[in-house]
Amino acid sequence: RVVGQEKIFMRVGRPSVELADDALEFPSIIHALDFAAENVPERIALICGENSINFVRYRRAVSGMATMLSKVCSLGDRVAVLMDNSIDMAIALMGSMTAGAQIAPLNPSLTERELFPLLNDIDARALLCDAGSEQYAHQLASKIGIKHVYSATRDFDIWAFAADENNRLPSTLPTGDMLAAMFFTGGTTGLPKGAEHTHHSVSVYAPLIHALWKFRFDEETILNVAPMFHIWGHHFTLVFPLYLRATMVIVPRYSPKLVLEELERNRVTIFAGGPAAIFLGLLGANSIENTNLTALKYSIAGGSPCPEGLLTRWKKRTANEILEGWGMSEGAPINVNPTHGIKKPLSVGITNPRTEIDIVDLDTGSRVLPPGEKGEIRLRGPQFSIGYRNRPEETAAAIRDGWLYTGDIGYFDEDGYLFLVDRKKEMIIVGGFNVYPREIDEVLTNHPAVAEAATVGVSDSFSGEVPHAFVALVPGVKVNEEALITYCSKNLVKYKIPRAVTILETLPKKGPGKIDKMALKTRAATY
């Protein structure tokens, strides 16, 4: 097949394109920062509100951060980061990795109950925070025994680091096989687990995705709204822009009005929107009608599927297509719709270089299925996690004979385009965030009035899905649905709180006492 002057050879489940001719590969993303600082020192690297920093000052700031952390951290220690998106957070993450530590970025909106098991798992040497989470960070550190807490502006000043011309990167930078990061995802028990990544599995993201998303070196301005504690936000704020030597516009927290203002003000060329809810929010904002988006060349999505109507509306308003891609906390990229070549709406595109994908039968996971047949997706490639921290059994269940079994169900068409259909797991995706029903159920059953609980995902035009919980009460005890939602709000981050709680006399069962989730999903759809 020839598209323009480019030949694209489709082979189902195997890469159809190679790395770009001008592809660079770095042992770590720190090496990419060093390269950018040497080659385009005065180019603006990061913008956040009225603040900005060029590549040479970016390198100095990262160096200063690394020097500070090296006084308390040894190679391989872990550093937890509890911050909102900002230039401070970018420096904190990059500086920690430069010091040879493994970063563990965390959502500062999580409740104490949610953060405790994560921090126990991390066993961090240091905890980095910002002014907004400083009091919370000290409280957590005191209870869990983290000795070193550093707060932006109070304990470290990235602008002072950036101004100090004596700040230099360490003479020895991390090697590709060293641990670089962990991103938390759900486990088979519903408890989060840290997917561990090496410096190579992080840095190889950039040349792999650049083979299909052919953005320009030294020219692009990217805006990303995803939080940096998420693999999409981390890779699209730190990894890919450094590789491209692009200007990265950081938005502290998602607000449709703010995003539209920043897109126009900075003449953004690439909008890394993420899940469908982000695009829906922008299209629903009154100010979009008066926003100049003529500089925008590409809009890219991932984290949750985009409905066909959304794709049509976005193209009509912005004159550019949403290119959907697929990744996961265990590794990214996997598949993307290419900037150059055929794009298929509702598909997550074609396979990235050096990546292999099979659709296998659901029973054994070993029989490879032909195009058109639905089955579990398994993957392997250099960008994937080496396993889950402190979870040997879950690592062994997910990674078998070098293949990562995703639990997702999909199929390839005859052209080698992958379509995601369903999830083998019961996970709910709310605006790009993974929500595990069991966690909500456990919170609800801790309420003295609740005997049983079961949560299911229901379709939502804005968030993709939302949780809907069903409960049966302890005999003789009364509570209303609003009180149960309020109880959840005290124990769960906002996107995990059930949109509705329905009280039933008994929960439907099938087999030996197993709750019938399908019956509940059917019932939830009628509300």
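If you're wondering where the values come from, they're calculated on a predicted model, not measured in any experiment.

Definitions and cut-offs
- Residues numbered from 1 in each chain as written.
- Predicted model: local features only at pLDDT ≥ 70, side-chain atom pairs only at ≥ 80, totals over all residues.
- Heavy atoms only, no water.
- Buried < 20%, exposed > 50% of the residue type's maximum accessible area, 1.4 Å probe, protein only.
- Helix = DSSP H or I, 4+ residues; strand = E, 2+ residues; numbered from the N terminus.
- Pairing = 2+ DSSP bridges.
- 1 Å grid on protein atoms, 1.4 Å probe; cavity = no way out; pocket = protein on both sides within 12 Å on 5 of 7 lines; lining within 4 Å.
- Points joined across faces, edges and corners; volume = space filled by probe spheres on them.
- Nonpolar A, V, L, I, M, F, W, Y, C, P; charged D, E, K, R; others polar.
- Core = buried A, V, L, I, M, F, W, Y, C linked by side-chain atoms within 4.5 Å.
- Contact = heavy atoms within 4.5 Å.
- Axes fitted to C-alpha atoms, helices over the stretch in contact; angles between N-to-C directions.
- Parallel < 35°, antiparallel > 145°, perpendicular 65-115°, else oblique.
- Left-handed = near helix turned anticlockwise from the far one by under 90°.
- Arc of directions from axis to C-beta.
- pLDDT = per-residue confidence, 0-100.

Enquirer: For this particular structure, what's the right way to read the pairing of strand 22 (residues 403–412)?
Expert: Regular strands have side chains that alternate between both faces of the sheet. The element strand 22 is largely enclosed, with a buried count of nine among its 10 residues. Here four bridges tie strand 19 (residues 375–380) to strand 22, and the two strands are oriented antiparallel to one another. In the strand pairing of strand 22, Arg378 is matched with Tyr405. With two bridges joining them, strand 21 (residues 399–400) and strand 22 adopt antiparallel strand pairing.

Enquirer: Honestly, empty space enclosed by the protein in this entry has me stumped. Any pointers?
Expert: Regions of empty space are outlined by a rolling probe, equal in size to a water molecule, passed over the atoms. Inspection of every chain in the model, using the stated rule, returns two cavities of 30 Å³ or more. Each pocket or cavity is described by its volume, and for the second largest cavity that value is around 30 Å³. In terms of lining, the second largest cavity is formed by Leu24, Glu25, Phe26, His200, Ser203, Val204 and Pro207. Classifying every residue of the lining of the second largest cavity by side-chain character gives four nonpolar, two polar and one charged.

Enquirer: Can you walk me through the nonpolar core in this structure?
Expert: The nonpolar side chains of a soluble globular protein tend to be buried with one another. Counting 83 residues, the largest nonpolar core has Tyr58, Met94 and Phe236 as the members making the most contacts within it. Looking at which element gives the most residues to this core, the answer is helix 9 (residues 231–244), with nine residues. Ignoring sequence-local partners within four residues, the contact set of Met94 consists of Ile29, Ile30, Leu33, Tyr58, Val62, Leu238 and Leu242.

Enquirer: Quick question: what am I supposed to make of the layout of surface pockets here?
Expert: Of the voids in this model, the second largest pocket is the one considered here, and its volume is about 930 Å³. Around the second largest pocket, the lining comprises 36 residues; the ones closest to its centre are Tyr254, Val430, Gly431, Phe433 and Tyr495. Elements supplying a minimum of two residues to the lining of the second largest pocket: strand 13 (270–274), helix 11 (276–283) and strand 27 (464–473). Within the lining of the second largest pocket, the residues separate by chemical class into 21 nonpolar, 11 polar and four charged.

Enquirer: Whenever I open this one, the packing of helix 1 (residues 29–39) against helix 3 (residues 87–98) confuses me. Can you help?
Expert: Helix 3 packs onto helix 1 with a crossing angle of 110° between their chain directions and a minimal axis gap of 9 Å. The angle between helix 1 and helix 3 falls in the class roughly perpendicular. Where helix 1 crosses over helix 3, the handedness of that crossing is left-handed. On helix 3, the residues that touch Ile29, Ile30 and Leu33 of helix 1 are Met94, Met97 and Thr98. Classifying every residue of the contact of helix 1 with helix 3 gives five nonpolar, one polar and no charged.

Enquirer: Would you explain helix 10 (residues 256–265) in this entry?
Expert: Note: α-helices contain 3.6 residues per turn, so residues at a spacing of three or four share the same orientation. Of all the positions in helix 10, only Val259, Leu260, Glu262 and Leu263 are classed as buried. Taken end-on, helix 10 shows its buried residues confined to a sector of 165°, consistent with a single buried face. Taken together, the buried residues of helix 10 touch strand 11 (221–224), strand 12 (247–250), strand 13 and helix 11. Once helix 10 ends, the next one or two residues include Arg267, with phi positive near 45°.

Enquirer: Looking at this model, I keep getting lost on the confidence of the model for the chain. Mind explaining?
Expert: Low-pLDDT portions of the prediction should not be read for the details of their coordinates. Averaged over all residues, the pLDDT of the chain is 92; the fraction at 70 or higher stands at 96%. For residues 1–9, every residue scores under 50 in pLDDT, and the model assigns this stretch 15 contacts once sequence neighbours within four places are set aside.

Enquirer: Where do I start with the sheet that holds strand 11 in this structure?
Expert: Backbone-to-backbone hydrogen bonds join strands into a sheet, with any given pair of strands oriented parallel or antiparallel. Ordered by their spatial adjacency, nine strands build an open sheet running 4-3-12-11-13-14-15-16-17, and the pairing between neighbours is mixed. A single partner strand is all that each edge strand has here, and the edge strands are strand 4 (51–54) and strand 17 (350–351). Relative to strand 14 (residues 298–301), strand 13 is paired through four bridges, and the arrangement is parallel. Directly across from Gly274, in strand 14, lies its bridge partner Ala301. In the packing of helix 3 onto the sheet, contacts are made with strand 3 (44–48), strand 4 and strand 12, and the angle to strand 3 comes to roughly 130°. Packed on one face of the sheet, helix 10 meets strand 11, strand 12 and strand 13 and runs near 175° to strand 11.

Enquirer: Is there a simple way to explain the environment of Leu75 in this structure?
Expert: Note on placement: Leu75 falls in the loop between helix 2 (55–70) and strand 5 (78–82). Residue classification places Leu75 among the exposed positions, given a relative accessible area of 66%. For the pair Leu75 and Gln102, spaced 27 residues apart in sequence, the C-alpha separation works out to 8.5 Å. Apart from the residues within four sequence positions on either side, Leu75 is in contact with Ala99, Gly100 and Met178.

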